[in-house]
Amino acid sequence: MDITQILLAAQSPDANLRTVAESNLTQFQEQNLPNFLLSLSVELSNDEKPPESRRLAGIILKNSLDAKDSAKKELLTQHWVSVDPSIKSKIKDSLLVTLGSSVHDARHTSSQVIAKVASIEIPRREWLDLIAKLLGNMTLPGASAPLKQATLEALGYVCEEISPQHLEQDQVNAVLTAVVQGMNQTELSPEVRLAAVKALYNALDFAESNFANEMERNYIMKVVCDTAVSKEVEIRQAAFECLVAIASTYYSHLDYYMQTIFNLTANAVKGDEEPVALQAVEFWSAICDEEIALQDEYEGSDDGNSTIHFRFIEKALPSLVPMLLETLLKQEEDQDQDDNVWNISMSGGTCLGLIARTVGDAIVPLVMPFVQANITKPDWHCREAATFAFGSILEGPSVEKLAPLVQGGLDFLLNTMNDSNSQVKDTTAWTLGRVFELLHSPAGANPIINNSNLPRIMAVLLESSKDVPNVAEKVCGAIYFLAQGYEDAESMSSVLTPYLPNVIAALLSAADRADTTHFRLRASAYEALNEIVRVSNVPETSGIIGQLLQEIMRRLNLTFDLHILSSGDKEKQSDLQALLCGVLQVIIQKLSSTDAKSIIAQTADQLMTLFLRVFACHSSTVHEEAMLAIGALAYATGPDFVKYMPNFFTYLEAGLQNYEEYQVCSISVGVVGDICRALEDKILPFCDRIMTVLLKDLSNSMLNRSVKPPIFSCFGDIALAIE
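Residues numbered from 1 in each chain as written. Predicted model: local features only at pLDDT ≥ 70, side-chain atom pairs only at ≥ 80, totals over all residues. Heavy atoms only, no water.

**Quick notes on the environment of Ile-630**
Within the secondary structure, Ile-630 is located in helix H30 (residues 620-637). Ile-630 gets classed as buried once you look at its relative accessible area, which sits at 0%. Residues Ile-630 and Ile-91 lie 539 residues apart in sequence; the distance between their C-alpha atoms is 55 Å. Other than its neighbours up to four places away in sequence, Ile-630 contacts Met-608, Phe-611, Phe-615, Phe-641 and Phe-648. (Helix = DSSP H or I, 4+ residues; strand = E, 2+ residues; numbered from the N terminus. Buried < 20%, exposed > 50% of the residue type's maximum accessible area, 1.4 Å probe, protein only. Contact = heavy atoms within 4.5 Å.)

Set out below in structure tokens:
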């Protein structure tokens, strides 16, 4: 069969041609895998063939060696290992030849496939001359720029795929030498230099002993810092990515270079293109992560002043904080509308938050003048930046340091929820959420929320929950954290009781809004509702929660009548059902732990009918939530739950056998425990089948291992129930 024609037909706009071609490829693969792989590698390496057939050959070849799913990956590895060594050798030679191809796509794909083969063979002590062959391309007299670029790319991918212990130190040294030479300004091709910087990024984990050697380290750092001021944006960006990785991996070796790096990052943040500036800020975020980890490690131990903790952030504070505050003023229009946007002002605010966690109180006097200078300016950019700066530093400094500022500024923040600019309101709502999350402690010495300001806070939040969707979502988050503050101070949550009907109504109407295209407002509204129910004081609120139970059941019932015309509709239905089952679980738990149990007893039949209908909709996200709700219902109804077992057991058994979606399996195991505690010896008729499935789960190598320990606990629950 002519593999070229089949590969081209597999990409034809004509569906019939495509189907026939795909089935031919599958047949070839199943009947003669070694020759199938060899044909693909020959196709990929042949510069006479059309780029389209070569590209698909490369993709199929790569997918024949690797898969995301670990079980499938293991199977593909075994297939490759069992191929005749002489055929494997031809395939590998073809791949190495392709690195010199004139077609970029073919070179690029080949470098990826080489790495996939290396990931299987090098750990098995096979293809040991690969690194030498690749390095040979770099020193070949008159080697073309495309060959060098593809070779460096392959070296980078190989380092990404294998572990440092799989290369000898002399191989690592040779790789680093080749890579660093490729980065040198004497290399005229920018494509080669870029590939070299990216390869260095992937090889850094291998360079531990090179970084321990001062001379080698100085050389590597000099080349990286020189590369960070290259003419080409992409190369500068990749060099800063290397610096970020070095900050995380080799923090203990950085002291000598920090002044140089500070100057490089400061220049990049002030004047470079955004992709480069983002990586420059990311460098300082990485340093913060390292220093926060060191502080956590040494907390409470005597050697807190260990030599390895350089306190880079503390030393750089006076210059670093002003530099980051400037970035906050570089917002984009409408960045609050797009969940995926990431720009220099967001990056700067995130870094500021990490610095606050690193140095604590010391950041406050450096940030507050910026907040006060900008918070009332006519330009919205200034107001938003001031609020963002304030919200960013709330985690880290002590409550004593922040409480007076927050008490002074809370009224101001509440007024700002009426700002004329949507982005300012969005950031203010986020900041209020942070205030409630981090500083609101009703039982503490200086509570942020008290009887005199609570009515105003609630009025503003309820009004702002009707604002545009992204602001309303942050407001729901603020309500969530406000409620959560009362979790450990149960009796004090009585202060929320008078507001409960209005808060529930506002959250339900936020969840219902027709203008919300993004799922997040709805999820945020229901999560806030859950928290309000969780902390409410039941003797005072059981009537209100009982009404809410009826409303949520009504809403869940309506989801079964939704018109499902596409997979998107199906997903929306599942997401909504999952959220509603989540609310029902919280309500059942809340009412069953008190004297209001009778409310659950009266609605148990209806609830169970709804949950069984949800299972019939076949979606794993809903199954998890419905299972958890049923576990709560079993606990609430006790021995009476036995009447639901015949209908429910089919779904429980299916959940216990769901190896692919192991979270469903794990939750189902937990629910068996809940049911055992509820039914005690009435569970006996179901135990044979439950035990059979659980024992199968334990011996199943495909099942995620995290599910197995709970199975042993479950045996204990069954034993206690049936004696």
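On we go.
**Concerning the pattern of salt bridges**
Counting across every chain of the model gives 28 salt bridges. Where Asp-272 meets Arg-236, a salt bridge forms, and the shortest distance between an N and an O atom there is 2.8 Å. You can see Asp-272 sitting in the loop between helix H15 (258-271) and helix H16 (274-298) and its partner Arg-236 sitting in helix H14 (residues 233-249), a full 36 residues away along the chain. With its nearest N and O atoms 3.0 Å apart, the salt bridge here joins Arg-554 to Glu-551. Taken as a pair, Arg-554 and Glu-551 lie in helix H27 (residues 538-559) at a separation of three residues, close to a single helical turn. We classify Arg-554 as partly exposed; its relative accessible area is 45%. Each of Asp-66, Lys-73, Lys-116 and Glu-161 takes part in a single network of salt bridges with overlapping partners. (Salt bridge = Lys/Arg side-chain N within 4 Å of Asp/Glu carboxyl O.)

**Digging into the side chain of Thr-265**
You can see Thr-265 is positioned in helix H15. One polar contact links the side chain of Thr-265 to the main-chain carbonyl oxygen of Phe-262, over a distance of 2.9 Å. (Polar contact = N/O pair within 3.5 Å; in protein donor to acceptor, adjacent residues only side chain to side chain.)

**Focus: the packing of helix H18 (residues 344-359) against helix H20 (residues 380-392)**
Closest axis-to-axis distance for the H18/H20 pair is 8 Å, and the angle between their directions is 30 degrees. Looking at the two axes, H18 sits roughly parallel to H20. Between H18 and H20 lies a crossing whose hand is right-handed. Packed against H18, whose contacting residues are Ser-345, Met-346, Gly-349, Leu-352, Gly-353 and Ala-356, the element H20 presents Phe-388, Ala-389 and Ser-392 at the interface. (Axes fitted to C-alpha atoms, helices over the stretch in contact; angles between N-to-C directions. Parallel < 35°, antiparallel > 145°, perpendicular 65-115°, else oblique. Left-handed = near helix turned anticlockwise from the far one by under 90°.)

**Quick look at the nonpolar core**
Judged by nonpolar contacts, the single largest core of 256 residues is most densely connected at Trp-284 and Phe-648. Top contributing element to this core by residue count: H16, with 13 residues. (Core = buried A, V, L, I, M, F, W, Y, C linked by side-chain atoms within 4.5 Å.)

**Observations regarding the packing of aromatic side chains**
Enumeration over the complete set of coordinates arrives at 16 aromatic pairs. Measuring from centroid to centroid gives 5.8 Å for Phe-262 and Trp-284, while their planes differ by 70 degrees, and the two rings are edge-to-face. Here Phe-262, found in helix H15, pairs with Trp-284, found in helix H16; they are 22 residues apart in sequence, far enough to count as distant. We note that Phe-262, like Trp-284, is buried. When the centroid spacing of 5.3 Å and the interplanar angle of 90 degrees are considered together, the rings of Phe-283 and Trp-284 count as edge-to-face. For the pair Phe-283 and Trp-284, a shared accessibility class is recorded, and that class is buried. Through a chain of ring-to-ring contacts, three or more aromatic side chains come together here, namely Phe-615, Phe-641, Tyr-644, Phe-648 and Tyr-651. (Phe/Tyr/Trp six-rings, centres within 6.5 Å; stacked < 30°, edge-to-face > 60°.)

**A look at the environment of Val-175**
Among the secondary structure elements, Val-175 is positioned in helix H10 (residues 169-183). Val-175 sits in the buried class, given a relative accessible area of 3%. Between the C-alpha atom of Val-175 and that of Phe-206, which follows or precedes it by 31 residues, the distance is 9.7 Å. Contact partners of Val-175, with chain neighbours within four places excluded, come to Ile-131, Leu-135 and Leu-155.

**Some thoughts on the UniProt feature "domain: Importin N-terminal" (unreviewed entry) in the protein**
Within this numbering scheme, the UniProt entry marks residues 21-101 as carrying the feature "domain: Importin N-terminal" (unreviewed entry). Between the end C-alpha atoms of residues 21-101 there is a gap of 27 Å, over a span that is 78% helix and 0% strand. (UniProt positions renumbered as here; feature names shortened; annotations may be inferred.)

**Some words on the side chain of Glu-43**
Along the chain, Glu-43 falls in helix H3 (residues 33-45). It is Lys-49 that comes nearest to the buried, bridge-free Glu-43 among opposite-charge side chains, at 4.2 Å. A distance of 2.9 Å separates polar atoms of two side chains, one belonging to Glu-43 and the other to Thr-4. Once residues within four sequence positions are removed from consideration, Glu-43 is found in contact with Ile-3, Thr-4, Leu-7, Lys-49, Ser-53, Arg-54 and Ala-57. (Lys, Arg positive; Asp, Glu negative; His and termini not counted.)

**Section: helix H7 (residues 104-121)**
An α-helix turns once per 3.6 residues; consequently, residues spaced three or four apart project the same way. Taking 1.5 Å per residue as the helical rise, H7 with its 18 residues ought to reach 26 Å, and the 26 Å between its terminal C-alpha atoms agrees with that figure. With 14 of its 18 residues buried, H7 lies for the most part within the structure. (Expected span 1.5 Å × (residues − 1).)

**Points about the packing of helix H32 (residues 662-679) against helix H34 (residues 708-722)**
At a minimum axis separation of 9 Å, H32 and H34 run at an interaxial angle of 15 degrees. Here H32 is positioned roughly parallel relative to H34, judged by the angle of their axes. Here H32 runs over H34; the crossing is left-handed. Where H32 approaches H34, its residues Val-669, Val-672, Gly-673, Cys-676 and Arg-677 are matched on the opposing element by Pro-710, Ile-711, Cys-714, Asp-717, Ile-718 and Ala-721. Taken together, the residues of the contact of H32 with H34 break down into eight nonpolar, one polar and two charged. (Nonpolar A, V, L, I, M, F, W, Y, C, P; charged D, E, K, R; others polar.)

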